[in-house]
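Secondary and tertiary structure notes
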Amino acid sequence: MTDPALQLLTEAIAAAPSRCSYVEARHVETDGQDVLVRNGAVHGVDSVSGSGVGVRLRVGGGWGFAATRDVTARAIEGAIARALAIAESQPTAPTAPLTAVEPARGHWTCASEIDPLAVSLEDKLELLFAAEALLRGDPRIVRSDAECSSRRVRTAFVSSEGAACTQERVECGASIAVIAVDGDELQVRSYPSAHGGSGACAGWEHVLSFELAAHAPRVAAEAIELLSAPPCPSGRTTVVLDGDQLALQIHESIGHALELDRMLLGEAAYAGTSWVKAHDLGGLRYGSDALNITADATLPGGLGSFGWDDEGVAATRTPLIKAGILCGALSDRQSAAAIGLLRSGGCARADGFARQPIVRMTNVSIEPGEAGTLADLIADTGDGLYLDTNRSWSIDDRRLQFQFATEVAREIRGGELGRLLRNPSYAGITPRFWSGMDAVCSAPEWRLRGLGNCGKGEPGQMMRVSHGAAPARFRDVEVGVA
Amino acid sequence: MSEESPLEIAERALALAGPDMQVMVVRERSLMSRYARSAPTQATAIDDTSVDILCLRDGQTAVASTNRLNDDDLRATAARAHAAARAAARSGPGTHPGPASCSAVRSHDGFDADTATLDPGRAAAALSAAFEIAAEHGLEAFGVWTAGDVQTAIASSTGLRPHDRVSDAFMKVVCRDADGRSGYAVGTATAASSIDPAALARRAAQKVTAQALTELGPGCYPVVLEPEAVGLLLEFLGDLAHNGRAHAEGRGALSGRLGSPVAAALIDLHDAPLTARTLPRAFDMEGVAKAPLALIERGVAVNVVHDLRSAALAGDGARSTGHAGLPGGAPWGPLPTNLALAGGAAADAAELASTIERGIYVTRLWYVNAVREKETLLTGMTRDGTFLIEDGRITRPLRDVRFTDSVLRLLEATEALTTGRRLVSEGEFYGRRFAHGVLCPALRADGFRVTGATTG
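Each chain carries its own residue numbering, running from 1 in the written order of its sequence. Starting at A for chains and at 1 for ligands, labels are handed out in the order in which the entities are written. Only residues with pLDDT of 70 or above have their local features reported here, since the model is predicted, and side-chain atom pairs are shown and tallied only from 80 upward, although totals for entire chains, interfaces and linings are computed over all residues.

1. Description of the overall build of chain B
Only DSSP runs of H or I covering at least 4 residues are called helices, and only runs of E covering at least 2 are called strands; the numbering of each starts at the N terminus. Per the secondary structure count, chain B includes 9 helices and 19 strands. When the backbone C-alpha atoms are referred to their principal axes, chain B occupies close to 70 × 55 × 35 Å. Each residue is classed by its C-beta neighbour count within 10 Å, where at least 20 other C-beta atoms makes it buried, 12 or fewer makes it exposed, and intermediate counts make it partly exposed; the C-beta atoms are placed from backbone geometry. Scored against the burial criterion, the 456 residues of chain B give a buried share of 64%. A pair of residues counts as a contact when their C-beta atoms, built from backbone coordinates, are separated by no more than 7 Å. Of all intrachain contacts in chain B linking residues separated by at least 6 positions in sequence, the fraction that spans at least 24 positions is 73%.

2. A look at the overall build of chain A
Along chain A, the regular secondary structure elements total 10 helices and 22 strands. In terms of its C-alpha atoms, chain A occupies a principal-axis envelope of roughly 70 × 55 × 40 Å. Here chain A, with 482 residues, has 63% of them falling under the buried criterion. Across chain A, every contact between residues at least 6 apart in sequence was considered, and the portion connecting residues at least 24 apart equals 76%.

3. Brief notes about the domain arrangement of chain B
Residues and elements named next belong to chain B. Structurally, chain B comprises domain 1 (6–206) and domain 2 (219–453). Start and end points for every domain follow an automatic or database-based domain assignment. In this structure, domain 1 and domain 2 have C-alpha centres spaced 22 Å apart. Listed by partner, the interface residues are 43 residues for domain 1 and 33 residues for domain 2. Sorting the residues of the side of domain 1 that touches domain 2 by element identifies strand 1 (21–36), strand 2 (39–57), strand 3 (60–66), strand 4 (140–156), strand 5 (163–176) and strand 6 (182–189) as the ones contributing at least two each. Here the residues of the side of domain 1 that touches domain 2 are counted per class, giving 19 nonpolar, 16 polar and 8 charged. The residue classification treats Ala, Val, Leu, Ile, Met, Phe, Trp, Tyr, Cys and Pro as nonpolar and Asp, Glu, Lys and Arg as charged. All others, Gly included, are polar.

4. Considering helix 4 (residues 197–206) of chain B
Residue and element names in this part refer to chain B. Of all 10 residues in helix 4, 7 are buried, a share of seventy percent or more. For helix 4, the complete set of buried residues consists of P197, L200, A201, R202, R203, A204 and A205. Against helix 3 (120–136), strand 4, strand 5 and strand 6 lie the buried residues of helix 4.

5. Some details on the sheet that holds strand 11 (residues 325–326) of chain A
Residue and element names in this part refer to chain A. Pairing between two strands is assigned when DSSP locates at least 2 bridges connecting them. Taken in spatial order, the 4 strands make up an open sheet running 11-10-9-14, and their pairing is antiparallel. At either margin of the open sheet sits one strand with a lone partner, and together these are strand 11 and strand 14 (364–366). Strand direction decides the pairing type here: strand 9 (residues 293–296) and strand 10 (residues 317–322), joined by 4 bridges, are antiparallel. Bridging from a neighbouring strand, T294 pairs with P319 of strand 10. Across the sheet, helix 6 (residues 243–255) lies against strand 9 and strand 14, angled at about 120 degrees from strand 14, the strand it touches most. In this description, a line fitted to the C-alpha atoms serves as the axis of each element, helices being fitted only across the stretch in contact, and the angle between N-to-C directions of two axes falls anywhere from 0 to 180 degrees.

6. Thoughts on the interface of chain B and chain A
Across the contact, 75 residues belong to chain B and 67 residues belong to chain A. Top element by residues in the side of chain B that touches chain A is strand 2 of chain B. It accounts for 11 residues. For the side of chain B that touches chain A, the residue count by class is 31 nonpolar, 27 polar and 17 charged. Inspection of the sheet shows strand 2 (residues 41–59) of chain A paired to strand 3 of chain B by 5 bridges, in the parallel sense. The residue bridging V48 of chain A from the neighbouring strand is S65 of chain B, located in strand 3 of chain B.

7. A look at the pairing of strand 15 (residues 384–395) of chain A
Residue and element names in this part refer to chain A. Counting buried positions over the 12 residues of strand 15 gives 12, a clear majority of the element. Inspection of the sheet shows strand 8 (residues 235–241) paired to strand 15 by 3 bridges, in the parallel sense. Residue pairing in the sheet places V239 in a bridge with L385 of strand 15. Examined bridge by bridge, strand 15 and strand 16 (residues 401–413) share 10 bridges and lie antiparallel to one another. Bridge pairing in strand 16 places I395 opposite F402. Connecting the antiparallel pair strand 15 and strand 16 is a turn made up of 5 residues, with R399 showing a positive phi of about 65 degrees.

8. Notes on the environment of E428 of chain B
Residues and elements named next belong to chain B. Secondary-structure assignment places E428 in the loop between strand 17 (422–424) and strand 18 (438–440). A residue is classified by how many C-beta atoms lie within 10 Å of it, and E428, with 15 of them, is partly exposed. Along the primary structure E428 and F170 are separated by 258 residues, whereas in three dimensions their C-alpha atoms are 9.8 Å apart.

9. Looking at the packing of helix 3 (residues 121–133) of chain A against helix 5 (residues 212–227) of chain A
Residues and elements named next belong to chain A. Contact geometry for helix 3 and helix 5: axes closest at 7 Å, N-to-C directions at 20 degrees. Between helix 3 and helix 5, the angle falls in the class roughly parallel. Of the two possible hands of crossing, helix 3 and helix 5 adopt the one that is right-handed. Across the interface between the two elements, L127, A130 and A131 of helix 3 pack against L212, A213 and A216 of helix 5. Residues belonging to the contact of helix 3 with helix 5 are distributed by class as follows: 6 nonpolar, no polar and no charged. An angle counts as roughly parallel when it lies under 35 degrees, as roughly antiparallel when it exceeds 145, as roughly perpendicular when it falls between 65 and 115, and as oblique in every other case. In this scheme, a crossing is called left-handed if the near helix is turned counterclockwise away from the far one by less than a right angle; it is called right-handed if the turn is clockwise.

10. Side note on the domain arrangement of chain A
Residues and elements named next belong to chain A. Splitting chain A by domain gives domain 1 (4–227) and domain 2 (235–479). Distance between the C-alpha centres of domain 1 and domain 2: 21 Å. Mapped by element, the contributors of at least two residues to the side of domain 1 that touches domain 2 are strand 1 (22–38), strand 2, strand 3 (62–68), strand 5 (141–159), strand 6 (164–182), strand 7 (185–191) and helix 5. Per-class residue counts for the side of domain 1 that touches domain 2 are 22 nonpolar, 16 polar and 7 charged.

11. Details of helix 2 (residues 71–89) of chain B
Each α-helix winds once per 3.6 residues, and so residues spaced three or four apart point in a common direction. A helix is expected to span 1.5 Å for every residue after the first. Relative to the 27 Å expected for 19 residues at 1.5 Å per residue, helix 2 of chain B spans 27 Å between its end C-alpha atoms, a close match to the ideal helical length. Residues of helix 2 of chain B that are buried: L74, T77, A78, R80, A81, H82, A84, A85, A87 and A88 of chain B. Contacts from the buried residues of helix 2 of chain B go to strand 2 and helix 3 of chain A together with helix 1 (6–17), strand 1, strand 2 and strand 3 of chain B.

12. Remarks on the packing of helix 1 (residues 4–14) of chain A against helix 2 (residues 73–89) of chain A
Residue and element names in this part refer to chain A. At a minimum axis separation of 10 Å, helix 1 and helix 2 run at an interaxial angle of 45 degrees. As judged from the angle between their axes, helix 1 and helix 2 are oblique. For the element pair helix 1 and helix 2, the recorded crossing hand is right-handed. For the pair formed by helix 1 and helix 2, the contact residues are L8, E11 and A12 on the first element and A73, I76, E77 and I80 on the second. Looking at the contact of helix 1 with helix 2 residue by residue, the class counts come to 5 nonpolar, no polar and 2 charged.

13. Examining the pairing of strand 20 (residues 447–456) of chain A
Residues and elements named next belong to chain A. In terms of burial, strand 20 is largely enclosed, as 8 of its 10 residues are buried. The sheet contact formed by strand 20 and strand 21 (residues 461–469) spans 8 bridges and is antiparallel. In the strand pairing of strand 21, K456 is matched with Q461. Hairpin connection between strand 20 and strand 21: a loop of 4 residues separates the two successive antiparallel strands, and G457 in this loop has a positive phi of roughly 90 degrees.

14. Focus on the environment of L56 of chain B
Residue and element names in this part refer to chain B. Within the secondary structure, L56 is located in strand 2. Along the primary structure L56 and A442 are separated by 386 residues, whereas in three dimensions their C-alpha atoms are 44 Å apart. The contact partners of L56, leaving out residues within four places of it in the chain, are D20, T61, A85, H96, G98 and P99.

Structure below.
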């Protein structure tokens, strides 16, 4: 064992009191840099370099978790004592079983060509300034942003069940966005994704692939055009969702709904529950035959990819919905055992050293269909709306009733894309909406979309996940709801 | 040997960092105990100290952060901030006007030493009390209890040395029956002893009735919003309307409207950072002293909040009001964090409901998001206690509804407020712990726009 963090953790948990039925320790070291160019000037360069250790243990039915920034044997010993005191003071609870796990051993790292943290700040600024300059020009554009983020996370994990593994993840992403205002009208447009960009577990080559500057004139022009575009009509119609919006639709109305801790009411007071019950597994019709959903932590480039989850369970690929029928759920060791599963779904993830693992999405994706290209799908659609890039989202605490708004809609008339429409929105009920999906574009249109702002847990944890998606068509959707 | 204080760490880091620097040190100690189905689930104790080193150069800002406190790491962190600011400066002048000048920070009553002990026994007792009350009502309890002790210190090359220590406590109780009907209550304060777990559990339990849920179709209804619902709407208003950066950029909801009526005359909204009943703060993250600030007076919009950068952007003599969310100013702009809405004349929520022929009573809102920012148009769901008001009385539980409405429109349509106010909070602690809440009454407004409902 040559990794010093692994050595330190191993020695620390070996000294934990024997009354602990289970102990795990995680050392997390994070380096990151965020750069934002706004309205022609650098708005900020923020870099972070930090580390710490989180210890989780169990005594009887009580769990305790304590985190310290001090990576020394003495401090970790203190964290164990603190976690122990917390666990032992908990009101009495039955000891919930955990699924068995093969001890995690070895090292995992994600593939990347160009280390984003080795790219000079000058090069990053040059790329961002070049794109941001092309966003400006029209006085109605009151804000123009170009930003990028880079991050490296090294983790060492040990447990009293024999796990001893290390991982290294490299992530990066970038985006451009504008806000245009004319009187009381405000419109936003962004690329390649809203809300801070489409990150990936990959090197700087991922950012270069976006060609931000090439897209900037279109982004600015569409924002200006939206200011005077006709409003999205109200009513029921056929809708084609672009991959970016479909990714968020999957995230909110499938991914969260299939978190097993929610089904078992573990998150009822905060994130909410689910309209899906554990006994629905294997029989519930979630959507149409065209709906095939998979959780896959082994996908190259996914923000939800890893070697082992934060309980030391090996990354796996789990079908969740096959031909519209629910067949799986997202689980950790305790939730899986609670419904009699033999193994965890490998979805226990923690946001940094100071948070404990909870059930999270990995890469929850819709499998590609057979509808060909986006152009093929539009041509086959006749009349409807094409909705592109998320602007607003909201869903109830059972993940059933949702309302989304996108930055832009385009009319589909006679199988062709037509004029731009402003303020598009749509609403639905989860199983009805997915039952109306009758076509998904083919594999060449499918790609992973990273989301970096998935909030859950108390204290709050911000998780990074990806969703593979291709444009898809939905029939009889209520639009123009806002 | 006594532990080095945040101010001592900040001064040491500043000495290592060199000129044109501001160092902010935040030490968080916290304990959080979660529970579900009347059993403890997760408990998290955190002890972390972060150091943010801000380098200002030719109007450019760069921040480097670490939680490694030895001299070598602090020196390296400062070097990263220096190098980044130099690189940014090569692109031309930046938009930051320079560091804050020294100003005296005012004292407050925001720290309670007893709360700062973070006693796990107190957490356990709170959970047990909630379990017991829920069981008495044939319900299960879900929620969280948490307490925190946060020290903040700033040392800058310009001589700033403010330091502050605050404590906070929060408890949430959701009581739920076997059919999923639920009730909700939260308490938040600077002192854990101010929170009565049993009383919260009783309030939550009383909202769970055995009656069948009634469906309510889309439309506009008179509404009574409990303080928890009002507080969330006001937090969105703080961002969409009173954010000085958005205002200066012409995209804020009050752009061109300061000095004009924007709400009913009974609306008085302030930022009250030193009021004992809020979660007080002495200064912002640029070291600017906090002070009370009127935002809406008798329905007239009077102020937005600023950090140093947004004030410079606004020009016309604007000054920072002490609302920087990060060293150098947060990318999202300055936000009010101690909102206080003045109370009215109604004795309680029942009196508010007494004049409504048919309307909605809302305990809390959930998953609220902006739809059109400049209109303060939001959408979200009701949750954990939505009721029908008929003939002036709260009569039957409703299935949760979706609303899509403007905060400013609701404040314009506000007819009455309760005298009593509650400090309300969602108790969310993403990243570094920063407890905040809104002190507000319940209100009655006309025309609450329901646009959908969840199903069975």
